Amino acid sequence: MIAIVNYGSGNLAAISNIYKQMNIPHAIVKDPVALANATRYILPGVGHFDYTMRTIKKSGMFDALQENVIVKGKPLLGICIGMQVLANSSEEGDCSGLGWIPGRVRRIQAEERGVRLPHMGWNSISIGRDIMGLFKGVDETLGFYFLHSYYFDAVSTSSVLATTDYGGELVCGVTNMRNIFGLQFHPEKSHRNGVIVFRNFALI
Amino acid sequence: MIKTKYFKDPKYVGDPINAVKIFNEKEVDELILLDIKAWEKGGPNYNLLEKIAVESRMPLCYGGGVTNPEQALRIINMGFEKVSISRAALSTPDIIGDIASKIGNQSVVVTLDVRKNPITSGYSVYSENGTKRMQLDLIDACRTVIKKGAGELVVNSIDQEGEMKGYDLVLAKMVSTEVSIPITFIGGAGKTADMAKLINEVGVVGAGAGSMFVFKGPFRAVLISYSRP
């Protein structure tokens, strides 16, 4: 059962709806005990880094996730802010992140790149080393829908799962090459490509 | 859900949720939902919007009866990416900045409905579903709303609306030269070639369409369709 973690962040219902239409068992969960019963996790999101981290830490979610994802190795997919909290820290706030994928979340360098913020709209992606097959069947050129001003600056290039071009290369996907994945864009707003990613995640 | 010609003769074209499902299938880039009766009814139909947000697999913009930042925030939190204001933006432009401070400038769209002004040969802005002519020239309106914090502009040509004979390229050139924020033009698109022509003439802008995706044939039979340009 896929747990869509409810820490007050957006698009839970849209993600739930996508899994419902694929007949894949899932639930929107906030209770730590219920989290333990899931086989994989999705951290969705729209919102502020600190608010999201505080909510995860406050409600006992953090311990449940730590136990199930890090110790037991169950798969986890973080989307947008859900990806950013995987980092050690963020320029957006003061809280520390989960630190499950080494890196720091930074503001996109708009002036240097000659672009406007936020990065909002459809953009193509370039898939890197996708060992676990999260992007199998995805049309890179068609890409996904983005809406963000901060990005994941991974410590190691081996953590980079995918990049996009926004005034230059920008990391948009990270992974620990085992069970944890983070995506900067919104698969739930990206039609077929998004559905493919959600399905692939369910099969990992 | 209805479709009009020159903002008149509303023709029923189907249920909005069904339309969203169809546009999902067709992989539409972005959907704008404008509730033209929202003002009379006292505001957005949140129930319907919630259902639409759950169903939609694409980015969404909602407009209709939005007059304050709390409504805008509620709509964004439901899963919409942008909120459009029109009447409120014209009557009280400061509301643009107020809403932007709650949801971010990028999510604030101002929609301007325009008609050619035969006297000045410019364009006049209309409010209240095209019934009220504002004492305002389009370019002045653009400058004001941008100054107040609009992140995006949608310019709708009432003259071309429903005609499906192509966009008003004079209008498009005029506005795109003046404006540096993202713009989408609507009104007049009849075929994919019209959109290509718009982008060729004017550069990167949004090409929006209603009738083109909803009507088919000379008798305007309702057939919701979409071909990826």
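Reference entry: report on the structure contained in this document. This is a predicted model, so every value here is computed, not measured.

### Remarks on the overall build of chain A
So, step 1. Each helix and strand in chain A was counted, giving 7 helices and 13 strands.
So, step 2. Referenced to the eigenvectors of the C-alpha coordinate spread, the extents of chain A come out at roughly 45 × 35 × 30 Å.
So, step 3. Once local pairs closer than 6 in sequence are excluded, the contacts in chain A between residues at least 24 apart make up 69%.

### What to know about the overall build of chain B
So, step 1. Of the regular secondary structure elements, chain B holds 10 helices and 13 strands.
So, step 2. Burial status across chain B gives 44% buried among its 229 residues.
So, step 3. Considering only contacts within chain B whose residues lie at least 6 apart along the sequence, 60% involve residues at least 24 apart.

### What to know about the packing of helix H1 (residues 16–26) of chain B against helix H3 (residues 46–55) of chain B
Residue and element names in this part refer to chain B.
So, step 1. The geometry of H1 relative to H3 is characterised by a closest axis approach of 10 Å and an angle of 15° between their N-to-C directions. Taken together, the axis directions place H1 and H3 in an arrangement best described as roughly parallel. For the crossing formed where H1 meets H3, the hand is right-handed. Contacts from Pro16, Ile17, Val20 and Lys21 of H1 reach H3 at Leu48, Lys51, Ile52 and Glu55.
So, step 2. Taken together, the residues of the contact of H1 with H3 break down into 5 nonpolar, no polar and 3 charged.

### So, the environment of His191 of chain A
So, step 1. By secondary structure assignment, the location of His191 of chain A is in helix H7 (residues 191–203).
So, step 2. Exposure remark for His191 of chain A: the 24 C-beta atoms within 10 Å place this residue in the buried category.
So, step 3. Along the primary structure His191 of chain A and Lys72 of chain A are separated by 119 residues, whereas in three dimensions their C-alpha atoms are 32 Å apart.
So, step 4. Not counting residues up to four positions away in its chain, the partners in contact with His191 of chain A are Asn24, Glu27, Arg57 and Met58 of chain B.

### Observations concerning unusual backbone geometry
Working note: non-glycine residues mostly have negative phi, and peptide bonds are mostly trans.
Residue and element names in this part refer to chain A.
So, step 1. Following Leu117, the chain continues to Pro118 via a peptide bond in cis, the omega torsion being 0°.
So, step 2. Looking at the element boundaries, Pro118 is found in the loop between helix H6 (110–113) and strand E7 (119–123).
So, step 3. Positive phi outside glycine occurs at Asn23, with the angle close to 60°.
So, step 4. Judged by C-beta crowding, with 7 C-beta atoms within 10 Å, Asn23 ranks as exposed.

### Let's talk about the pairing of strand E11 (residues 160–165) of chain A
All names here are of chain A.
So, step 1. Pairing of strand E8 (residues 125–127) with E11 involves 3 bridges; the strand directions are antiparallel. Each bridged residue has a counterpart across the sheet, and for Ile127 the counterpart in E11 is Ala162.
So, step 2. Pairing of E11 with strand E12 (residues 169–175), which is carried by 5 bridges, proceeds in the antiparallel orientation. Paired with Val160 across the bridge in E12 is Val174.
So, step 3. From the end of E11 to the start of E12, which pair antiparallel, there are 3 residues, and Gly167 there has a positive phi angle of about 70°.

### Some words on the sheet that holds strand E5 (residues 89–90) of chain A
Pairing between sheet strands relies on hydrogen bonds along the backbone, with the strands arranged either parallel or antiparallel.
Residues and elements named next belong to chain A.
So, step 1. The sheet built from 3 strands is open, its strands ordered E5-E6-E10 with mixed pairing. The open sheet is flanked by E5 and strand E10 (150–154), the only strands paired with a single partner.
So, step 2. For strand E6 (residues 103–107) and E10, the ladder comprises 5 bridges, and the chain directions are antiparallel. What sits directly across from Val105, in E10, is Phe152.

### A short note on the interface of chain B and chain A
So, step 1. The interface is formed by 13 residues belonging to chain B together with 14 residues belonging to chain A.
So, step 2. Looking at the side of chain B that touches chain A, the element that brings in the most residues is H3 of chain B, giving 3 residues.
So, step 3. The residue makeup of the side of chain B that touches chain A, split by class, is 4 nonpolar, 4 polar and 5 charged.

### Some thoughts on the packing of helix H4 (residues 69–77) of chain B against helix H6 (residues 94–103) of chain B
Axes are the key here: two packed helices are described by the angle between their axes and the distance separating the axes.
Residues and elements named next belong to chain B.
So, step 1. Following both chains from N to C, one finds H4 and H6 inclined at 35°, their axes separated by 9 Å at the closest point. When you trace H4 past H6, the crossing you get is right-handed. Here Pro69, Ala72, Leu73 and Ile76 of H4 come into contact with H6, specifically with Asp98, Ile99, Lys102 and Ile103.
So, step 2. When the residues that make up the contact of H4 with H6 are grouped by side-chain class, the tally is 6 nonpolar, no polar and 2 charged.

### Regarding the sheet that holds E8 of chain A
All names here are of chain A.
So, step 1. Strand order across the open sheet formed by 8 strands is E2-E1-E3-E4-E13-E12-E11-E8, with mixed pairing between neighbours. Two strands in the sheet have a free side with no partner beyond their single neighbour: strand E2 (26–29) and E8. Within this sheet the neighbouring strands show an average axis-to-axis angle of 20°, counted without direction.
So, step 2. Sheet topology places strand E1 (residues 2–5) next to strand E3 (residues 40–43); 3 bridges connect them, and they run parallel. Note that in E3 the partner of Ala3 across the bridge is Tyr41.

### Some thoughts on H3 of chain B
So, step 1. Residues of H3 of chain B that are buried: Leu49, Ile52, Ala53, Val54 and Glu55 of chain B.
So, step 2. On its buried face, H3 of chain B sits against helix H1 (12–21) of chain A together with H1, strand E3 (31–34), strand E4 (60–63) and H4 of chain B.

Rules used throughout
- Residues numbered from 1 in each chain as written.
- Chains lettered and ligands numbered in written order.
- Predicted model: local features only at pLDDT ≥ 70, side-chain atom pairs only at ≥ 80, totals over all residues.
- Helix = DSSP H or I, 4+ residues; strand = E, 2+ residues; numbered from the N terminus.
- Contact = placed C-beta atoms within 7 Å.
- Buried ≥ 20, exposed ≤ 12 C-beta atoms within 10 Å, placed from the backbone.
- Axes fitted to C-alpha atoms, helices over the stretch in contact; angles between N-to-C directions.
- Parallel < 35°, antiparallel > 145°, perpendicular 65-115°, else oblique.
- Left-handed = near helix turned anticlockwise from the far one by under 90°.
- Nonpolar A, V, L, I, M, F, W, Y, C, P; charged D, E, K, R; others polar.
- Pairing = 2+ DSSP bridges.

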